[in-house]
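Descriptive structure summary
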Amino acid sequence: MSSSKRSEHLFAPGSAGSTTSYLSKVFGLRYYIRAAARARITARNYGLAYGDLWLVLEPLFSIVVYFVVFSIVLKADRGVDNFLVFLAVGRLVFTNHQGAVLGASTSLANDPAILRDTTMTRAVIPLGVVAGAFYQWRQDLFVILVIALVTAEWPRLSWLAVIPLSLGLMMLNAGLGLTLAPIVDRYQDLRRALPVGFQLIFYMSGVMFPIEFFIRDFEHSNWAFAALMLNPVYGYVKCFQWAIMGYDIGHPIVALFASIAWTLLTLAVGLVVFTRNERGFSSFKLSHEV
Amino acid sequence: MKSDDADAEEDAIVAGEAAGIEEEVVRPVAMRLDDVHCHYQVFAQREDSMAARIARGMKNRESRSIHALRGVTLTVREGEALGVVGSNGAGKSTLLRAMSGSLIPTSGEVLVSSQPQKISVAWALNRELTGRRNIELGLLGLGFRPADVSELEESVIEFADIGRFIGMPMKTYSTGMRARLGFAIAAAASPAILLMDEALAVGDRAFRYKCMQRISQLTSEARTVVMASHDVASVKTYCDRALWLEGGTVRALGPAEEVVDEYYAASLEAS
C-alpha cells in the first residue's frame, strides 16, 4: 500500500518543470553563480605574480595601444573631443560584451564534464560566465573613469547612468549567452564561426571611430539606421559614451531601446530553450567517456 | 530538493514503524527503470581526399550510433544498496547517468522519488582552485546556502582528511585525493539517492572503509545507494542486491552474493 502511494511521487530525474519553476531553480543557485564567477577569475589569474592586478592592467594597456595606433599614428579621431575616453569606453564595453557572450555561448560545449557529472540546473553554467565578466566589467569601468578624470573629463550627473547601463549590459550578455549556448552546443562549428561574427559586429559598433560619420545622411538613411539597430550592443556603446563624455551623435536613447528589446527577446528565448532542453545538452560529447 | 528529502524521511519513518511489526514489509520505491534504452551518437572524423569530401558536401564527420543500454528494467527500493558489476563497456556508467538524469534515455522510462546525486572519479572539480574553494563551489552547486556551506565545510574537510593539501590547487592532488574530496562533498549533502560510479576505486583501504561506513549509515537512514564497482568484495559485503550488466543488458539481478559469484566465475572463465 505504501508503495502505491509512493509511486505518485515518482518523477523523471533532472526534469526541468515549468518555465517559472526553472527560473526559481536558477534563482536558488544564485550563490553558486556568484561563487563560480569569482572562481573563474581566481583560476584565470592563478600563478601570476601580479594576480588580480591584471584585472586593471589588462584594460589599461589595451587602451594605451589603441590610443597610440588610432589617435597618434592613424589620426582617426575625426574631430571627437577627448578621443582617448571615446576609445576607452567603446573598446572596453565591446570587449567585455564579446568575452561574456563568447564564453557563455561555448560554456556548454566546452565543459562536458560538468554536464556528465552533475545534475545542476544547466542555465547556471553560462550565467556563471556572464557574472564573471561582470566582475571584470567593474574594473573596466574603474579604468574608464580614471582615464576620464586624468584627461580632464569632470564628473557629471550622467555618470550615475553607468549603474543601470552596466546592469543592462549584463542582462544583454546573459540573454545572448543563454540563447546562443544551446545553438553552439548543437552546431559545434559555430565555436569557430562566432568569433568571426563578433569581428564584424565590432566594426559595426563605432568603437574605434564614430561610425555615424561614415554613413552619409545618417539621419535620413533608413537602412543604415536599421543595420545599427540590429547590433544588440550598439545601444550600450552609444549610451556609455553619452553618459561618460556627453557624446550624443546617433540617437543614443533610440539605440538603447533597441538594445533593451534585444535583451528581453534573448532572455525569453534562452529561458524557454533551456527549460525545454535541460538534459539534452552535449549528449554526444558524453560518448568520449564510454 | 530539501522538501523531497523531508518527504523521504517521513515515509521512511512510516516504513520503519511498519517494519517493527512485520519484517517483510515492502519498502517504498526509490527508483524505477522500465525498458530503458540509451544511445550515444558518436562522430568519427574522416580523413580522405578533398574530392571525396567535396562529393560529400565538405562535411568531415560521420555520425554513428552506439546502443549502450538495451532494455534495462529494474526497481530499487529505499534503504537498499545495489551493486552494479560487469566488464568494461558493459554500460554501468551509462546506467548511472540515466539514473541521475544527466542522460535522457532514447526510449523507456526512468522515475525517481528524489533527485539522485552522482559521484565518480572524474567528478567535475576545478583544477586551478584550492580544495577549500572547490568544496564551497560544490556545496553551493548542490543548492546549499552560504551560511550552511561554512557550517558543512569543516565536516567535509575532516572527512576528506587530506591535510595541508586542502589549501592547495587541486592540480597538485593525486587521483586518490581528488576522489576523497569528491566523495566527501557528495556525502555531506546526504542525498536520498546516491549513485557512485567507481568513486572509491582509487581511494586507499582506510578511506574506502570510511566511505563504506558512511554508505551503511546512509542506507540505515532509508537512503538508497547504487554503486558501480569492479571491487566485487565490497559489493558482496555492503550491497543487498547486485545487478550484472553485460553488453547493455541485464545478465543477472538478485542477492549480491549469488550474482557476484556468478559474474566472477564467468569472468574467470573468459580470461
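Residues numbered from 1 in each chain as written. Chains lettered and ligands numbered in written order. Predicted model: local features only at pLDDT ≥ 70, side-chain atom pairs only at ≥ 80, totals over all residues.

1. Things to note about the overall build of chain A
Basically, it comes down to this: The way it works is that DSSP assigns letters per residue, a run of H or I at least four long becomes a helix, a run of E at least two long becomes a strand, and they are numbered from the N terminus. With C-beta atoms placed from the backbone, the exposure class of a residue follows from how many other C-beta atoms lie within 10 Å of its own: 20 or more, buried; 12 or fewer, exposed; in between, partly exposed.
Looking only at helices and strands, chain A has 13 helices and zero strands in total. Secondary structure of chain A in N-to-C order comes out as α-α-α-α-α-α-α-α-α-α-α-α-α. With respect to the three principal axes, the spread of C-alpha positions in chain A is 80 × 50 × 40 Å. Residues counted as buried form 43% of the 290 residues belonging to chain A.

2. What to know about helix α5 (residues 83-105) of chain A
This is how the line gets drawn: By this rule the span expected of a helix is its residue count minus one, scaled by 1.5 Å.
Here α5 of chain A contains 23 residues, and its C-alpha end-to-end distance of 32 Å stays within 8% of the 33 Å for a straight helix at 1.5 Å per residue. With 22 of its 23 residues buried, α5 of chain A lies for the most part within the structure.

3. Description of the nonpolar core
Applicable threshold: As used here, a nonpolar core is made of buried Ala, Val, Leu, Ile, Met, Phe, Trp, Tyr and Cys residues. They are joined through C-beta atoms within 7 Å. Contact between residues is assigned whenever the C-beta positions, reconstructed from backbone atoms, fall within 7 Å.
By size, the foremost hydrophobic cluster in this structure holds 143 residues, and its most contacted members are Ala88 of chain A together with Ala242 of chain B. Counting residues per element, this core draws most heavily on α5 of chain A, which supplies 14 residues. Residues in contact with Ala242 of chain B, not counting those within four places in the same chain, are Leu82, Gly83, Val85, Val235, Ala256, Val259 and Val260 of chain B.

4. Notes on unusual backbone geometry
Residues and elements named next belong to chain B. Unlike most non-glycine residues, Asp35 shows phi in positive territory, near 45°. Relative to the helices and strands, Asp35 resides in strand β1 (residues 29-45). With a phi angle near 65°, Ala222 is a residue other than glycine that sits in the positive phi range. Residue position: Ala222 is located in the loop between α7 (205-220) and β7 (224-228).

5. A short note on the confidence of the model for chain B
Residue and element names in this part refer to chain B. Applicable threshold: As a per-residue measure, pLDDT tells how confident the predictor is, with possible values from 0 to 100.
The predicted model of chain B has a mean per-residue pLDDT of 83, with 85% of residues at 70 or higher. This model gives residues 1-6 a pLDDT under 50, and the stretch forms seven contacts once residues within four places in sequence are excluded. The model gives residues 12-22 a pLDDT under 50, and that stretch makes ten contacts with residues more than four places away or in other chains.

6. As for the packing of helix α4 (residues 131-141) of chain B against helix α6 (residues 175-188) of chain B
All names here are of chain B. What counts is decided by this rule: Under this scheme, a helix contributes an axis fitted over its contacting stretch, all axes are lines through C-alpha atoms, and angles between N-to-C directions fall in the 0 to 180 degree range. In a left-handed crossing the near helix is turned counterclockwise from the far helix by less than a right angle, and in a right-handed crossing that turn is clockwise. Polar here means any residue other than Ala, Val, Leu, Ile, Met, Phe, Trp, Tyr, Cys and Pro, which are nonpolar, and Asp, Glu, Lys and Arg, which are charged; Gly is therefore polar.
Put simply, α4 and α6 touch, their axes get as near as 10 Å, and they point 35° apart. Relative to α6, the crossing made by α4 is right-handed. On α6, the residues touching Gly131, Asn134, Ile135, Gly138 and Leu139 of α4 are Leu181, Ile185 and Ala188. The residue inventory of the contact of α4 with α6, partitioned by class, reads five nonpolar, three polar and no charged.

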